[in-house]
Amino acid sequence: MPLILNINDNDFESIFSSLLEVGMDISQDVRETVTDIIANVRKNGDEALLKYNKKFDNLNVDIENLRFSKAEIENALKQVPNDIIDALKVAYERIYSHHKKQFPKSDIYQDELGVTLGTKWSAIEAVGLYVPGGLASYPSSVLMNAIPAKIAGVKRLVMVVPTPNGEVNPAVLAAASIYGIDEIYRLGGAQAIAALAYGTKTFKPIDKIVGPGNAYVAEAKRQVFGQVGIDMIAGPSEVLIIADKSSNPAWVAADLLAQSEHGAGARSILITTEKDLAKKVLEEVSQQVSTLSRKDITLDAWEKYGAIIEVNVLDEAFNLANKLASEHVELALEEPEKYLPKITNAGAIFLGHYTPEAIGDYVGGSNHVLPTARSARFASGLGVIDFMKRTSILGCDSSSLNVLAKPTIILANTEGLSAHARSVSIRTNK
């Protein structure tokens, strides 16, 4: 049974606070296992990668066959039905069109003193894209990560994907092919993250790692951060739906189940002003879940991590929403645009009854790589800028340096940095 709360309950604050604590708890066992794997890959390189492939994925290939050949990628493309290819192309076109508008503009100008100031944007040179395999195999994630990288101008995009028992979802390779990714390796887990970060004889290391994964992948990304950049430490997926009397309980239930379908700790929460709606949503969930292909996983996540919270007025809902800082927030309201300014902490916001979160997962155009575990308080979803670096530009001539010299020298001496002061005074005789 999911958690049922009413904001008027005496123990509401303490129970709600426990909801805020659900997130990226990494066990000591996971942390130590990942540390050992990374150390082994750094020491033994390709030999370690092959060992882990055999141990974790029952995959016995030599190092020369770790990379998918061009023929294998082309063959995968042929295996995918045309309607899936067409859907991937629709997704590609919409994601590309939206993300193209995010490309930042370099800017150089001179201020009133004649000082040249500016910002230069440039692409990260090499990026590694982790794509989950097995049960969680998402061709849509290939597009969501690769498209903004390519728009940014990343020259080398390397994809790693685990292949349990040698199997891979052809649609994953097809999605990569559609966007021209041809450096793809049969490799997953923490060992893939280590290979991308530190390199081996086969792997030329990259500069940043993006893409979702399990707890071991997330912990590996945490441990290699600093050696390389990462997009984020992704936790279980989550949705928060804020609903009023205009909401359709069957639609709300379907959206809650869609998120719970991810399993593995996925969290679905409904906040509503309507007691009758909450009751009907519970009834709809019970009816709909039995029809799902992954009903056991979905029901388990819903009963363990689902919640329905009743509030008196919508303002209370928005207050709770900003504390939860959810990955996805659906405004299932009569006038969603009116309330948009009230949501300040969210990975993505979905407006109105006809915008289920699933549209954003695939073909809406916005990115589905979003902050989880309340990190929307300080982080954003993946975009073009995440694959770029911002470099500051500064230039003085003799006149502007003379104007700025005195305060610079004073501040440098205040901090006890006499060499800093001299590097200015030697140019100005001050």
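Model, not experiment: these values are computed from the prediction.

Caption draft 1: Seen up close, the nonpolar core. Formed by 37 residues in total, the largest nonpolar core has its most connected members in Leu 129, Val 142, Met 159, Ile 181, Ile 184 and Phe 387. Breaking this core down by element, the ones donating at least two residues are α4 (70–79), α5 (82–100), β4 (126–130), α6 (139–152), β5 (156–161) and α7 (170–178). With eight residues, α6 is the largest single contributor of residues to this core. Setting aside residues no more than four positions away along its own chain, Ile 184 makes contact with Leu 66, Arg 67, Phe 68, Ile 73, Met 159, Val 161, Leu 173 and Ala 176.

Caption draft 2: Geometry of the sheet that holds strand β2 (residues 107–110). As summarised here, the arrangement of the three strands in space is β2-β3-β14, forming an open sheet in which the pairing is antiparallel. The open sheet is flanked by β2 and β14 (388–395), the only strands paired with a single partner. This sheet shows a mean twist of 15° between the axes of neighbouring strands, independent of strand direction.

Caption draft 3: Quick peek at the pairing of strand β9 (residues 238–243). Along β9, six of the six residues are buried, which leaves the element largely enclosed by surrounding structure. Side chains Glu 238, Leu 240 and Ile 242 of β9 all project onto a buried face; the interleaved residues Val 239, Ile 241 and Ala 243 project onto the opposite face, where all are buried too. Where β9 and strand β10 (residues 267–272) come together, six bridges link them in parallel fashion. The residue of β10 that forms the bridge with Ala 243 is Thr 272. Following the backbone out of β9, through helix α10 (residues 249–260) and into the adjacent parallel β10, one traces a crossover that is right-handed. Alignment of β9 against strand β12 (residues 328–332), held across five bridges, turns out to be parallel. Looking at the pairing, Val 239 lines up with His 328 of β12.

Caption draft 4: Structural context of unusual backbone geometry. Not every positive phi belongs to a glycine, and Asn 58 is a case in point at roughly 50°. In this model, Ala 325 sits at a positive phi of 50°, which is unusual for a non-glycine residue. Checked against the element boundaries, Ala 325 lands in the loop between α13 (314–324) and β12.

Caption draft 5: View of the packing of α5 against α6. Viewed as axis vectors pointing N to C, α5 and α6 meet at an angle of 35°, and their least axial separation amounts to 10 Å. For α5 against α6, the interelement crossing comes out right-handed. Counting all contacts with α5, which are made through Leu 88, Ala 91, Tyr 92, Ile 95, Tyr 96, His 99 and Lys 100, the residues of α6 involved are Pro 139, Leu 143, Met 144, Ile 147, Pro 148 and Ile 151. Here the residues of the contact of α5 with α6 are counted per class, giving 11 nonpolar, one polar and one charged.

Cut-offs and rules
- Residues numbered from 1 in each chain as written.
- Predicted model: local features only at pLDDT ≥ 70, side-chain atom pairs only at ≥ 80, totals over all residues.
- Heavy atoms only, no water.
- Core = buried A, V, L, I, M, F, W, Y, C linked by side-chain atoms within 4.5 Å.
- Buried < 20%, exposed > 50% of the residue type's maximum accessible area, 1.4 Å probe, protein only.
- Helix = DSSP H or I, 4+ residues; strand = E, 2+ residues; numbered from the N terminus.
- Contact = heavy atoms within 4.5 Å.
- Pairing = 2+ DSSP bridges.
- Axes fitted to C-alpha atoms, helices over the stretch in contact; angles between N-to-C directions.
- Right-handed = clockwise from strand over helix to strand, strands pointing away.
- Left-handed = near helix turned anticlockwise from the far one by under 90°.
- Nonpolar A, V, L, I, M, F, W, Y, C, P; charged D, E, K, R; others polar.

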